[in-house]
Amino acid sequence: MPHRSPHPDLNGLSEAEAARRLAEHGPNRLSERRTRRLWRIVLDAFREPMFLLLFAAVALYFALGDMGEALFLLAGSAATVGLMILQEARSERALAALRKLAEPTARVMRDGVERRIPAAGIVPGDVLLVAEGGRAPADAVLRAGDVLTVDESILTGEAAPVVKHPAADGAPDNPQGTADSACLFAGTLIVRGQGVAVVTRTGRTTRMGEIGASLMTLQESPTPLQQATRRVVRTLGLFAVLVAVGVLLIQGLARQDWVAGALGALTVGIALIPEEFPMVLAVFLALGGWRLAQKNVLVRRSAAIETLGAISVLCVDKTGTLTRNHMRLAALWRDGREWNCAAGAPADRTARELLHVTLLASAVHGMDPMDNAVHELAGDLWAHEASPLRSYPLRPDRLAFIQAWQEAEGVLFAAKGAPEAVFDLCGLKGAARTHLERAVADLAARGLRVLGVASNRCDHDGGREPPDGGFAFEGLAAFEDPVREEVPVALAAAQAAGVRVVMITGDYPDTGLAIAGRAGIDVTGGALSGAEVAALSPAALAEAVRNVSVFARISPDQKLRLVEAFRANGELVGMFGDGVNDAPALEAAHVGVAMGRRGTDVAREAADLVLLDDRFASIVPGIAEGRRIFANLRVALAYLVVVHVPMAGLALLPLLFGLSPVLFPMQVVLLELVIDPMCALVFEGRPAARGAMRHPPRRADAPLFGARSLLVSAAQGAGLLGAVFGLHLFLLSAGVPEGAARAAGLISLVAGNLGVAGVLSIAPGAGRSPAQRLAFAGIAVLAATTLAAGVAVPWLARLFQFETPTPLVALAALAAGLAAGLAMGMAALLHEGRFVRRATT
């Protein structure tokens, strides 16, 4: 429901005027986002070692006068480079879409109605609604609301926050940002309070813009997996160079054939370098992030994709995560009487007096759903044209929100907050307090969120602090926030996947247990309170969290202790949070999850993932997608190793045996034209295996592609190499001409390549997606057509140094390669299944 401004002079701009000013002043950005342009992608591609070797081979063919070979190799190199550029550009488009989703937003008044718009659309004169935990999106002057505490260290370097008082209309703009100034500056953090501000400067004209600050949202450093992969590629690249130099020296010095040595060295180098590894990772992570965004899960850090599917414990909030986050005032209680508010404001005079004080204790421009619930119920009865004299936000030592209002007789202080905090304000003790605590417990046991309400009348506004005593207890306000309809189903799916869901709430234990039970969380272990958490040692807390799934009356700093306790038990922890003080827990968790709508900027900056719709149900498809991405990365990397081993072997073994080469750079380029799109198009789109969300998450120490997997895949590649090279040797011994044996060897290798890919691209129990089938069929047809033309068309056969094999030889090569590829693919798939079983036990 949109909220209208209670300040007629702060109704904001019209949409038409805002559009005019946006055209005049430009978007509210400090700098344009830096993205990789096409020319940069091309330049980076040409710097890859494999392409440098390809161009060296082209130059060598030109120098030898073999124009046909040179032109073909040049065209093949261009096609290979084009494929890489296409995939890099695809990744950049996915990242650009993620950046757009991650654009900061702001609450503004437009045409008198509160709206949330992209921060880039803010213009001078806009009326901003700022609140605790948010960053000021532009320079502005505070005009109404609380006294704010603002962290300006991003500009000044001073750690101590400064105080901001609302300025009177027409008050001068203080550009210094000193204490007691009314000026807010772009990028500064609202530590405490909420208010209304009018924008004065945007974009590069803000103070931050003037000192040359720039925004670098989502400019990520390489993930640990990417760094490890690059190290592997560099190591294998160095190994490839050494082997290539060895081949050159053997052919040149021992056999006095430097030309053949150079071609052999280039072929071996091109075949050995697994240049697809970084590309596969970049494409999978970028497109994986884009796919997660389609499920309303925004990935802020790519490393989270590597961990998401392995989460074993999810620590979730109650309000807004498991519940609708749309509170309604369900009941009022005073002196043993209870009034039901489901049908509207009660008619009883006593109840209405309590409701009025509750309204006066609710923030006018509140982000808190309970404030909004009070306004929805009572706003039609009491429409306040004025603003409170002062607002006193919650403090760690006073968990009550207080507002001072001018009345004819003096000043009324209205307080609302945690019942025990309100009891303390009123000085309640003994039997009176025990009676009220019993009433609170009865309401909480029904799943209601209970707040205490109190008032104090004085002859002055209290200044910086409200009166220390004199508050009279008014009653209790009980709020209802129903469990979201989709939560029980989503929670059951998470638990079926071996993910334990625990609830951490600031509410009462009885309320927490009631809501947790309705959602489907195990409540047999009871609830652990914040006081009990504080009393436990780290070791005792780690033991306690094994059996307890509901944690109540938990303060933000205790969330960090709970995360550390779960981590001490070897769990991979996902942590939900939306407040400023949640940031340490979000950072400490393996995967921090922030709310996209109601979360603070600080929480979103600390989190790895942002739920764009604030729904717990969105994280379950996110976990499934994380598992799918991890599994497909493993399969793609296994495929790359399996097919690179026979390529390198066929380039090297004939030279060691004193035979004519089986592969030349042209044949290697042809194989690369099969491998690259196979990884990027077929494996990336591989669906999740059926039952992927019915087995436990993998262990925290399970590697994506460790030494064991590398050796197993290399052995499978060696098996394919043995079949292809064995066929080549057999054909030569049987008197088949060298050119025909070479053609048969390439047919066998391409068939084996497609056989391996065909098996690995099938998700167990799920088959292939329609897009996968189309991509695989297209690649297979293109490879078969090109190979058939290379063998059957005379001038192409001369180019490839082929002779047309007999149908029997071609059929034998096809059958041998396909059989070996299917066998090695099945072996790789079985190894993947064994890995899953090992990694989840």
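Residues numbered from 1 in each chain as written. Predicted model: local features only at pLDDT ≥ 70, side-chain atom pairs only at ≥ 80, totals over all residues. Heavy atoms only, no water.

Caption draft 1: View of the packing of aromatic side chains. As enumerated under the stated definition, the model contains 6 aromatic pairs in all. Seen in terms of ring centroids, phenylalanine 551 and phenylalanine 566 are 6.3 Å apart; in terms of plane orientation they differ by 90°. Their pairing is edge-to-face. One end of the pair, phenylalanine 551, is in strand β21 (residues 550-552); the other, phenylalanine 566, is in helix α19 (residues 556-568), with 15 residues separating them in the sequence. Look at phenylalanine 551 and you get buried, because its relative accessible area is 0%. (Phe/Tyr/Trp six-rings, centres within 6.5 Å; stacked < 30°, edge-to-face > 60°. Helix = DSSP H or I, 4+ residues; strand = E, 2+ residues; numbered from the N terminus. Buried < 20%, exposed > 50% of the residue type's maximum accessible area, 1.4 Å probe, protein only.)

Caption draft 2: Geometry of the sheet that holds strand β23 (residues 591-595). Ordered by their spatial adjacency, 8 strands build an open sheet running β10-β24-β23-β22-β11-β19-β21-β20, and the pairing between neighbours is mixed. In this open sheet, the two edge strands, each paired with only one partner strand, are β10 (297-299) and β20 (527-529). Between one strand axis and the next, the sheet turns by 20° as a mean value, whatever way the strands run. As judged from the 2 bridges shared by strand β19 (residues 500-504) and β21, these two strands associate in the parallel manner. Paired with methionine 503 across the two strands is valine 550, which belongs to β21. Of the strands in this sheet, β11 (313-316), β19, β21 and β22 (573-577) are in contact with α19, which crosses β22 at around 165°. (Pairing = 2+ DSSP bridges. Axes fitted to C-alpha atoms, helices over the stretch in contact; angles between N-to-C directions. Contact = heavy atoms within 4.5 Å.)

Caption draft 3: Region of interest: the pattern of salt bridges. Using the criterion set out here, one finds 28 salt bridges in the structure. Here glutamate 24 ties to arginine 20 by a salt bridge, and the two come within 3.2 Å at their closest N and O atoms. With a gap of 4 residues between them, glutamate 24 and arginine 20 both fall in helix α1 (residues 15-25), about one helical turn apart. Accessibility expressed as a relative area gives 46% for arginine 20, which makes it partly exposed. With a closest N to O distance of 2.7 Å, arginine 628 and glutamate 625 form a salt bridge. Taken together, the residues arginine 628 and glutamate 625, both in helix α22 (residues 619-656) and 3 residues apart, mark about one turn of the helix. Accessibility expressed as a relative area gives 10% for arginine 628, which makes it buried. (Salt bridge = Lys/Arg side-chain N within 4 Å of Asp/Glu carboxyl O.)

Caption draft 4: Here's a closer look at α19. The end-to-end C-alpha distance of α19, which contains 13 residues, comes to 19 Å, matching closely the 18 Å that a straight helix rising 1.5 Å per residue would cover. Considered for burial, the residues of α19 that qualify are Gln558, Lys559, Leu562, Val563, Ala565 and Phe566. Taken down its axis, α19 places every buried residue within 160° of arc, on the same side. Exposed and facing more than 90 degrees away from the buried side of α19 are Asp557 and Ala568. Taken from the residues just after α19, glycine 570 is the one with a positive phi, measuring 85°. (Expected span 1.5 Å × (residues − 1). Arc of directions from axis to C-beta.)

Caption draft 5: View of the pairing of strand β2 (residues 113-118). Bridge count between strand β1 (residues 105-110) and β2: 6 bridges; the pairing is antiparallel. Note on β2: the bridge partner recorded for valine 108 is arginine 115. Joining the antiparallel neighbours β1 and β2 is a turn of 2 residues, in which aspartate 111 adopts a positive phi near 55°.

Caption draft 6: Seen up close, the pairing of strand β4 (residues 139-145). Most of β4 sits out of view: 5 of its 7 residues are buried. Alignment of β4 against strand β9 (residues 194-201), held across 6 bridges, turns out to be antiparallel. Note that in β9 the partner of valine 141 across the bridge is valine 198. For β4 and strand β7 (residues 183-184), the ladder comprises 2 bridges, and the chain directions are antiparallel. When the sheet's bridge partners are listed, alanine 140 is paired in β7 with leucine 184.

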